[in-house]
Amino acid sequence: MDPETLRQRLAGVFAPISTPFGPDEEVDYDALRFNVEKYATSGILGYLALGSNGENKSLNEEEKLRVLATIVERKGAGQGVVAGATYEAQRDTERFFRQAREAGADFGLLLSPSYFRKQMTQEVLYRYFSTCADRSPIPLLLYNAPGFCGVTLSPELVGRLAGHPNIAGMKDSAASGIENFLVFESERFHVLAGSANFLFAAMMGGSLGGTVSLANSFPALALKLFECGQARDESRGRPLQERVSRINSAIAGGYGVAGVKAAMNLAGYRGGIPRRPLLPLTPVQVEALRKVIVEEELL
């Protein structure tokens, strides 16, 4: 992929799309289609399928591929799809990316294995990411998500991997430190913010955009913040970032995936419920979330 095309495919807001479950905890594919069709006209650049908000670890292989195919089938013209891989065995990761390419994914998102965390040395991780990229039929994005897997990608490791011809960038979802990775931003490697809480700051530092859960419930608000970053408009961007962080913290900060899904339900999407062991919000929690959203004039 040439540098300009790569830039166009990653410069925007991606929704880390949730996987809706019905009351029986089965995947509600009708709800998923409904959501994607709404997102298709929202202005977002694309989707992260099967990420953390997609409850990747709670899906079996058949469900993963059907969820991915459904998103690809219903996405809007010009929208892209990133497929997330969260396997422990490298052979499973490699198989999944071949299947993701067949399903129509444009990029793959690669999370570190974590069960044998003490053995995830820099050399093990370098070999894992680089050889997965060697064998992947689609460009890959590194996924730095220590909050989910307990493994932190170091700047030294990312710097080594940034030159790989089939590694197009990374998603950084760590609570702090994206500036340590933005130094590797180039025409062939792009660093995307993994949270709305630091989207504007990341873009002011050179990021092209982000994959932010706020886009699941309020894509217009996420896009407004993105546009401030794109225009480098500090007068509007900084106060808007404060507002977005406040809203995002109320939705996902305290409740995680369950909060994202509850906010989607309130905003007119079909978020459904999480799959156990995660629990949905209680009626009291939903009402508290509704109050915040109303006070922020989003409903």
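Residues numbered from 1 in each chain as written. Predicted model: local features only at pLDDT ≥ 70, side-chain atom pairs only at ≥ 80, totals over all residues. Heavy atoms only, no water.

**Q** Honestly, unusual backbone geometry in this entry has me stumped. Any pointers?
**A** Backbone geometry follows two general trends: most residues other than glycine have a negative phi, and most peptide bonds adopt the trans configuration. With an omega of 20°, the peptide bond between R276 and P277 qualifies as cis. Mapped onto the elements, P277 comes out in the loop between α13 (257–266) and α14 (283–295). Residue E297 is not a glycine yet carries a positive backbone phi of 60°. Checked against the element boundaries, E297 lands in the segment after α14. (Helix = DSSP H or I, 4+ residues; strand = E, 2+ residues; numbered from the N terminus.)

**Q** When you look at the layout of surface pockets in this model, what are you seeing that I'm missing?
**A** The computed volume of the largest pocket comes to approximately 480 Å³. Surrounding the largest pocket, 26 residues form its lining, N53, F148, S173, G194 and S195 being those nearest its centre. When contributions to the lining of the largest pocket are tallied by element, the ones reaching two or more residues are α6 (146–149), α12 (234–253) and α13. When residues in the lining of the largest pocket are grouped by element, the largest group, four residues, is from α12. In terms of residue class, the lining of the largest pocket is made up of 13 nonpolar, 12 polar and one charged. Of the volumes computed, that of the second largest pocket is approximately 310 Å³. Contributing to the lining of the second largest pocket are 19 residues, with S52, E55, N56, K57 and F148 lying nearest its centre. In terms of residue class, the lining of the second largest pocket is made up of eight nonpolar, seven polar and four charged. (1 Å grid on protein atoms, 1.4 Å probe; cavity = no way out; pocket = protein on both sides within 12 Å on 5 of 7 lines; lining within 4 Å. Points joined across faces, edges and corners; volume = space filled by probe spheres on them. Nonpolar A, V, L, I, M, F, W, Y, C, P; charged D, E, K, R; others polar.)

**Q** Looking at this model, I keep getting lost on the environment of V212. Mind explaining?
**A** Here V212 is to be found in the loop between β8 (210–211) and α10 (214–217). Taking the C-alpha atoms as reference, V212 lies 5.3 Å from A196; in sequence the two are 16 residues apart. Apart from the residues lying within four places of it in its own chain, the contact partners of V212 are V13, F14, A15, P16, A193, S195, A196 and A222. (Contact = heavy atoms within 4.5 Å.)

**Q** Explanation requested: the pattern of salt bridges in the structure shown.
**A** For side chains bearing opposite charge, pairing can occur when the charged atoms are close. Under the criterion given, the structure shown has 19 salt bridges. E61 is the salt-bridge partner of K64, the closest N and O atoms lying 3.2 Å from each other. Of this pair, K64 and E61 are both found in helix α3 (residues 61–74), three residues apart, which corresponds to roughly one turn of the helix. When its relative accessible area of 5% is taken as the criterion, K64 is described as buried. Overall, the relative accessible area of 29% leaves E61 in the partly exposed class. As a salt-bridge pair, E94 and R135 come within 2.8 Å of each other at their nearest N and O atoms. Taken as a pair, E94 in helix α4 (residues 90–103) and R135 in helix α5 (residues 122–135) lie far apart in primary sequence, 41 residues in all. On the basis of relative accessible area, E94 is assigned to the buried category, the value being 14%. (Salt bridge = Lys/Arg side-chain N within 4 Å of Asp/Glu carboxyl O. Buried < 20%, exposed > 50% of the residue type's maximum accessible area, 1.4 Å probe, protein only.)

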